[in-house]
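Architecture at a glance
Each chain, written out:
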Amino acid sequence: MRVSVVAGNWKMHGSVSFLEEFASDLAGALAHAGPNSGSVAPELLIFPAAPHLALARSMLPPEVAIGAQNIHAETQGAFTGELSAEMLDDMGIGWVLVGHSERRALFGETNADTAAKVQAAERAGVAAVLCVGETIDERRAGRAAEVVLAQLNAVLDVAGLGWLERGMVAYEPVWAIGTGETATPDQAQEMHGVIRQALAGRDADLASKVRLLYGGSVNPENAAELFGQVDIDGGLVGGAALVVEKFVAIARAVG
Ligand code: PEP
């Protein structure tokens, strides 16, 4: 049985006062028969902006894991503005997002960069959540599976499978991120099935255990149906993760 996960990507949002309020409200919600009260307890994970990582670790309830939204592939050096996986590990930050579509589209991150970052995370003992997903043009051209598999295989060919002992893959169709347009449960399941099958082609046992997350305008209304799909083990949530009530409602939707 795969333990479900609900992860919040705060992107470049937040402040100290936002964190204080979010932390206090989340602690209250979890104390009141929170999402962990069901038969399946979702793991909760928050990816705050880099300056808030340490604050988030100290303020958010200890059962909430913290991750960074990006890393550099090198351990240290003259890379002004960057941070390494080793620095995260040193700070007790156990997770990192790799290859988010905004990193790919806005900052020119290639599949090769993404593979190097996954390797860097594994080297430091930090678990990676690899984001993959097609654009609307790629989907309309019937290339969704091809694009997603190219993104996945580019990492697996270089980094192997070891990072997936803890790491996860998030399927995030670019056209659904921050748009309010969600993939239908069938569309999402189809792509998750493609991803799990590709993993099974390399290691069937590992593929059956890896958590695959859906991301793209998840909200409290659509979460239960998405998370009810056989290969969807939870969600990577952007906008709705900035509102405690929505984040907790989504976590409660994990069956
Ligand atoms: C994301 O940022 O990864 C995301 C899925 O955002 P949203 O939920 O706002 O679409």
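As a starting point, this report considers the structure included with it. Computed from a predicted model, the values in this text were never measured in an experiment.

1. Some words on the sheet that holds strand β7 (residues 212-215)
If you walk around this closed barrel you meet the eight strands as β1-β2-β3-β4-β5-β6-β7-β8, and the pairing is parallel. Sheet twist, expressed as the mean angle between neighbouring strand axes with direction ignored, is 25°. Each of β5 (127-132), β6 (168-171) and β7 is contacted by helix α8 (residues 185-200), which is oriented at about 150° to β7, the strand it contacts most.

2. Examining the site of the ligand
Taken together, 14 residues lie near the ligand, and Lys11, Glu172, Gly178, Ser217 and Gly238 sit nearest. For the ligand, an oxygen atom lies 2.6 Å from a polar atom in the backbone of glycine 178. Serine 217 has a polar backbone atom sitting 2.7 Å from an oxygen atom of the ligand. When the free accessible area of the ligand is taken as 300 Å², the share hidden by the protein chains comes to 95%.

3. A few points about the pairing of strand β4 (residues 95-98)
Burial along β4 is two-sided: the face carrying Trp95 and Leu97 and the face carrying Val96 and Val98 are both buried. Sheet analysis places strand β3 (residues 64-68) next to β4, joined by two bridges and oriented parallel. Bridging from a neighbouring strand, glycine 67 pairs with tryptophan 95 of β4. In this fold, the crossover linking β3 to β4 by way of helix α3 (residues 85-90) has right-handed handedness. Sheet analysis places β4 next to β5, joined by four bridges and oriented parallel. Within β5, the position partnered with valine 98 by the bridge is leucine 130.

4. Observations concerning the pattern of salt bridges
As a working rule, side chains carrying opposite charge can pair if their charged atoms are close by. Inspection of every chain in the model, using the stated rule, returns twelve salt bridges. The salt bridge partner of arginine 103 is glutamate 109, with a shortest N-O separation of 3.5 Å. Between arginine 202 and aspartate 157 there is a salt bridge, and its shortest N-O distance comes to 2.7 Å. Highlighted residues: arginine 202 in the loop between α8 and α9 (204-209) and aspartate 157 in helix α7 (residues 144-159), separated in sequence by 45 residues. A residue is classified by how much of its surface remains accessible, and arginine 202, at 35% relative accessible area, is partly exposed.

About the thresholds
- Residues numbered from 1 in each chain as written.
- Predicted model: local features only at pLDDT ≥ 70, side-chain atom pairs only at ≥ 80, totals over all residues.
- Heavy atoms only, no water.
- Pairing = 2+ DSSP bridges.
- Helix = DSSP H or I, 4+ residues; strand = E, 2+ residues; numbered from the N terminus.
- Axes fitted to C-alpha atoms, helices over the stretch in contact; angles between N-to-C directions.
- Contact = heavy atoms within 4.5 Å.
- Near = heavy atom within 4 Å.
- Polar contact = N/O pair within 3.5 Å; in protein donor to acceptor, adjacent residues only side chain to side chain.
- Areas by Shrake-Rupley, 256 points an atom, 1.4 Å probe, with all protein chains shown as cover.
- Buried < 20%, exposed > 50% of the residue type's maximum accessible area, 1.4 Å probe, protein only.
- Right-handed = clockwise from strand over helix to strand, strands pointing away.
- Salt bridge = Lys/Arg side-chain N within 4 Å of Asp/Glu carboxyl O.

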